[in-house]
Structures are given as structure tokens and as C-alpha cells.
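Survey of secondary and tertiary structure
These are the residues of each chain, in order.
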Amino acid sequence: MTLGVVIGESKPTAVTAQTSRPLSVGEYVVIGAQDGKLLGLVERSFVSSAALNDIHNYDEAVESKEVADLNSRDKSYTAKITILGYLTDLQKSRIVLPAIPPIPGTAVLNATKDDLGTIFGPQKEEWVRIGTLLRNSEIEAKVNLNKIVSRHLAILAMTGMGKSNLVSLLAKQISGLDGTLIIFDYHNDYPDLHIPGINVIDAKINPRLLDSNTLSDVLEIRENADIQHRILRLAFTHDVKEAKNFWDALDHNVAMIGANPERKDDRHSADRVQDKIDDARHRFADVLDPDIMDPLGLIKEGRVNVLNVSELSEKQANVALAYYFQELLNDRKAALLAKNSKNKEGRHYRFDSPIFVIIEEAHVFIPKGEDTHTKYWAAKIAREGRKFGLGLCIVSQRPRNIDPNVLSQMGSLAVMKIVQEDDQHQISSAAESISKDLITQLTSLNVGDAVFVGQWVNLPAIVHIEEVKDKVVGSDKNAVSEWKYAKKFDKVAVESTQGLIQKDLLLD
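Because the structure is predicted, anything quoted here is derived from the model rather than measured. (Residues numbered from 1 in each chain as written. Predicted model: local features only at pLDDT ≥ 70, side-chain atom pairs only at ≥ 80, totals over all residues. Heavy atoms only, no water.)

Right, let's talk about helix 5 (residues 163-176) for a bit. Here helix 5 is 14 residues long and its end C-alpha atoms lie 20 Å apart, about the 20 Å a rise of 1.5 Å per residue gives. For helix 5, every residue scored as buried is listed here: Lys-163, Ser-164, Asn-165, Leu-166, Val-167, Ser-168, Leu-169, Leu-170, Ala-171, Ile-174 and Ser-175. The first or second residue beyond helix 5 is Asp-178, which carries a positive phi of 60 degrees. (Helix = DSSP H or I, 4+ residues; strand = E, 2+ residues; numbered from the N terminus. Expected span 1.5 Å × (residues − 1). Buried < 20%, exposed > 50% of the residue type's maximum accessible area, 1.4 Å probe, protein only.)

Structure below.
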């Protein structure tokens, strides 16, 4: 169906069209060029009225409206269309742009299901359904899981716009393919995902495996407490790491250093370190486990693994994530080395197949302008992980606070509603494939809508993401309902208590 014609000056990458109806931003159209059909994406849309242009007061507006209503040619619909390439090439996953721009007067046609189906919904096992095209709802929207494992992914949006739903959907799709997924769950959101064989575990830290600086972070010793750091470094010896009772051995060494008559000024600082040790071993007994020699052994291959880090402080969570990242990267390197080695004797790695890792609240662990344990290893995975089958996904509602070097290495993006200009600028700087016009549309997206760009899709697309029906994560609390229930419960409890009191009085 003909929608309009190309007008004005056209380019090989963009045209302007006058159309018979207003086109939606994100809608796909076909431009009938001489040497083959071109596929275009509407990135800006305008509606104007000749009669209602240049109005100075209300009365003039009312009179002009009457004129406009009588004139069927008054309204003008203009669309700015980005040319994506020749349609037949795009259907074969190739992008070829025209050398000569479409001639003004060329027809702009409606893109059909046959035109778009093979581009956005390839029938290959690595492509999984995520939803539908927002403006062409009969077209499936699929993503390439191979690309997010090899080239990484960022999911960015304001709170409540559907980040956790997309994570849940990806988890279900990966589970269906018996893939290995690890979600570092900062708010304990994902344990109740209805996925067969889901492996929910509490992230643990073995203090024996840390260096003294990292152990200082775990014990929450202040950064500027130089004497306490020195005491812990001196006390944290090889003998302590090998001791049967780790905490007692460490405490004993700290006490010995504090008792040194030649350094009486160390006594108070040693006491403070002992307080920190005592506090950590009791408050975080379920987290700090010197007897768990291989925390990586808790992760199950071919499963969705949810690592709960909600019980850890921010510094401890940083240490835990960094440790897992380091061990996962080393394991994948060892697996690849063993695979390529002629000597197949012995097994020195744990996982045989690629692993995909998702970090919730990524701005906490990979902050801009600040060095953290996790940031170092996340950056290393972003650079090297694709060579070893270790994929990274960062999820955040504050793109402006994420380290730009890590964000720029995410080969694919799902960007939902974002209103802060700083966030939009950070996204634009990190992703060359998302245009300024698409960036401006981020403020108008609804819950569950997202702009998909990068290597996990054949073309940039505005997608309505399928809702996970049994999803319980990321949902807002029904405060009114819970208040009502609590009040009802309290009333029943009071009445029950009063009944017991009256019964006791009668018995007396």
C-alpha cells in the first residue's frame, strides 16, 4: 500500500516523505527505488496545518480551525526516514546502502510481514523471541543469544520500566537452551523465577583466598585507617591462611602485634582491628566462610544460577563479584587452553561451555571515576571474555554513573524509558548505532517498550517486550492492599486477645 512520496533533497542514508497519514516513529517503510526496494525507519514525524500556522490569538485559532475543517488539503504529514539498506540484502543479514539516493517522487510503501519477518524473526536456533515490533505488532522481534555472549549486552532504563522483566525473559530463553546463566542479584529479586532447575545460592566469600587489602574491605576497615591496614597486613600471614581455625589465628596475630612493647601506639589500632574481626565473623557468619574452598563449585553448568548478594554490604558485594569474575574468567581460559592442547590428561577447569553473567545495579559495581574490585574484572571480561566464551550483561537505571569504557564495549543495548539528559548523552556516546533521533524518543516509551540496537539484532528496532506472566521480580508493592490486610489482621488479633482475657476472667 502506498503511504506517500519522497520530497525535497534526498540522501543515500535519509529521505523526507510527504505521506497520506501521520507515520509513527519506529515504523518501517519500503522505498521503491529504481535499482531495488529500500527499507527505511521513521525516526521523526511531523503534522502541520496551513490554516493553523502562525496564529496570534484564541479567536483567530477558532476561525482558522473552521477553515481547516472545511479544507481536506489543510493537513500535511511529513516523515524523516533513515534508509537502512536494500531489502533483499537485509533479508540475508547483509547491509548494503544505495550509491544513488532515491529520486524525489519515489513511492513510499507500507512494509509487510513478508518484508520484515525474516529480518526481525530469523528461524535459527540462536534467535529467541523477545516480543514484537512496537509499530508493526504482527512482526516477531527476536534477538541473537550468540551475539550477547560474545559481544556483551547493556539493559538501561528508569526504575519500573521493565528491566527485570527483560532479564527474566532472557533467563527463561537461556534455560530452555540448557545454557549457563549467572545473575548477581543485589536485591534478592530473582529466587522465585519459575524456571525448571533454577539454582539459587547465597554468594559467599572465603577470606583465606583474599589479599590483605581486599580483606580490609570485607572487614569494613576505613580507607584512611592506615595503621589498622598495616596491622592487618602484618597479621594476615601464610600460617593464618592455612590455619585450621582461621578467625582465631588471625585474631591471635593481631593481638600479638598490638602487644608489642616497642610499638605501644599500635595497641588502640589493634583493638579496633580485633573489634572489626569479631563483628564480621558474627554479623556475616553466613557470608564469610573460611571453610568453603571453592565458591565457584556452587554454580551449576547448564542452569540458571541466581547468586544472592543482598546480605552483603556494598564493599563485600564488590569483593564477592570480583572474586567470581576472576575465577570465571580464569576457568574459561583454562577450558579453552585444554581444548586446544594436545595433552588431554587431567581436568583443570570446571565449565565446559560458555557462560553468560548478568550484573544488576551495575552502576554500584562499575562506577565512573572510581576504582573497584569488580570494575577491574568486569572491564577485563568486556575486553577479553568473547575469546573465551564469557559474556557480560550490565543492568542499570543510571547509565551516567557507569564507567564509559565498560559501557562502550557492550556490543548490544536494550534502552527503555530514559528522561535524564546526562543518561541519554552517556548512551549516545557509548553506542554509535543509536541515532540522535532515536535517543529523543526514549522519553516517550511506555513500560515494556525498548529500543534494541547493536549486534543482537539485524537492525535497530523499537520493540514491545513480552511480559513474563509468572514474574514476581521487580514489581511495585501494593501498599494500600497491604495496609488494609495489616489493619484487618491487627483487628482480629486484638479481638482474639480480648476473648482470651474475658475467658480467663470467667475462669477466675
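In a packed pair of helices, the relevant descriptors are the angle between the two axes and the axis-to-axis distance. At a minimum axis distance of 8 Å, the contact between helix 9 (residues 246-258) and helix 10 (residues 266-283) shows a crossing angle of 170 degrees. Considered as vectors, helix 9 and helix 10 are oriented roughly antiparallel to each other. As for how helix 9 packs across helix 10, the hand of that crossing is left-handed. Taken together, the residues of helix 10 that come into contact with helix 9 (itself represented by Trp-247, Asp-248, Leu-250, Asp-251, Val-254, Ala-255 and Gly-258) are Asp-266, Arg-267, Ala-270, Val-273, Gln-274, Ile-277 and Arg-281. Its residues assigned to classes, the contact of helix 9 with helix 10 shows seven nonpolar, two polar and five charged. (Axes fitted to C-alpha atoms, helices over the stretch in contact; angles between N-to-C directions. Parallel < 35°, antiparallel > 145°, perpendicular 65-115°, else oblique. Left-handed = near helix turned anticlockwise from the far one by under 90°. Contact = heavy atoms within 4.5 Å. Nonpolar A, V, L, I, M, F, W, Y, C, P; charged D, E, K, R; others polar.)

This part is about the environment of Gly-302. In this structure, Gly-302 sits in the loop between helix 10 and strand 12 (304-308). In contact with Gly-302, not counting residues within four places along its chain, are Asp-178, Gly-179 and Thr-180.

Reading around the circumference, 1-2-5-4-3-6 is the order of the six strands in this closed barrel, with antiparallel pairing throughout. Put simply, the sheet's adjacent strands are angled 40 degrees from each other on average, direction ignored. Helix 3 (residues 113-120) rests against strand 3 (28-33), strand 4 (36-49) and strand 6 (107-110) of the sheet, and its axis sits at about 115 degrees to strand 3. (Pairing = 2+ DSSP bridges.)

Turning our attention to empty space enclosed by the protein. By the definition in use, this model includes one cavity of 30 Å³ or more. Roughly 50 Å³ of volume is contained in the largest cavity. Ile-119, Phe-120, Trp-127, Ala-141, Lys-142, Val-143, Phe-452, Val-457, Asn-458, Ala-461 and Val-463 are the residues that line the largest cavity. Counting only elements with at least two residues in the lining of the largest cavity, the list comes to helix 3, strand 8 (140-144) and strand 17 (461-465). By residue number, the principal contributor to the lining of the largest cavity is strand 8, which donates three residues. Looking at side-chain class alone, the lining of the largest cavity contains nine nonpolar, one polar and one charged residues. (1 Å grid on protein atoms, 1.4 Å probe; cavity = no way out; pocket = protein on both sides within 12 Å on 5 of 7 lines; lining within 4 Å. Points joined across faces, edges and corners; volume = space filled by probe spheres on them.)

Moving on to the side chain of Thr-214. Examined against the element boundaries, Thr-214 turns out to sit in helix 6 (residues 212-218). Contacts of Thr-214, omitting those with residues within four sequence positions, involve Val-319 and His-373.

Let us look at the side chain of Asn-144. Within the secondary structure, Asn-144 is located in strand 8. Residue classification places Asn-144 among the buried positions, given a relative accessible area of 7%. Of the polar contacts made by the side chain of Asn-144, one reaches the backbone nitrogen of Asn-146; its length is 2.9 Å. Ignoring sequence-local partners within four residues, the contact set of Asn-144 consists of Glu-126, Trp-127 and Trp-456. (Polar contact = N/O pair within 3.5 Å; in protein donor to acceptor, adjacent residues only side chain to side chain.)

The next point concerns the packing of aromatic side chains. Applying the stated criterion across every chain yields a total of nine aromatic pairs. A ring pair is formed by Tyr-186 and Phe-365, whose centres lie 5.2 Å apart and whose planes are at 80 degrees; its orientation type is edge-to-face. On the criterion of sequence distance, the pair formed by Tyr-186 in the loop between strand 10 (180-185) and strand 11 (199-202) and Phe-365 in helix 12 (residues 362-365) is long-range, its members being 179 residues apart. Judged by relative accessible area, Phe-365 falls into the buried class, the value being 1%. Centre to centre, the rings of Phe-452 and Trp-456 are 4.6 Å apart; their planes meet at 35 degrees, and the pair counts as tilted. Taken together, the ring pairs in this structure connect Phe-184, Tyr-323, Tyr-324 and Phe-325 into an aromatic cluster. (Phe/Tyr/Trp six-rings, centres within 6.5 Å; stacked < 30°, edge-to-face > 60°.)

Everything listed here is a matter of geometry and, on its own, says nothing about what the molecule does.
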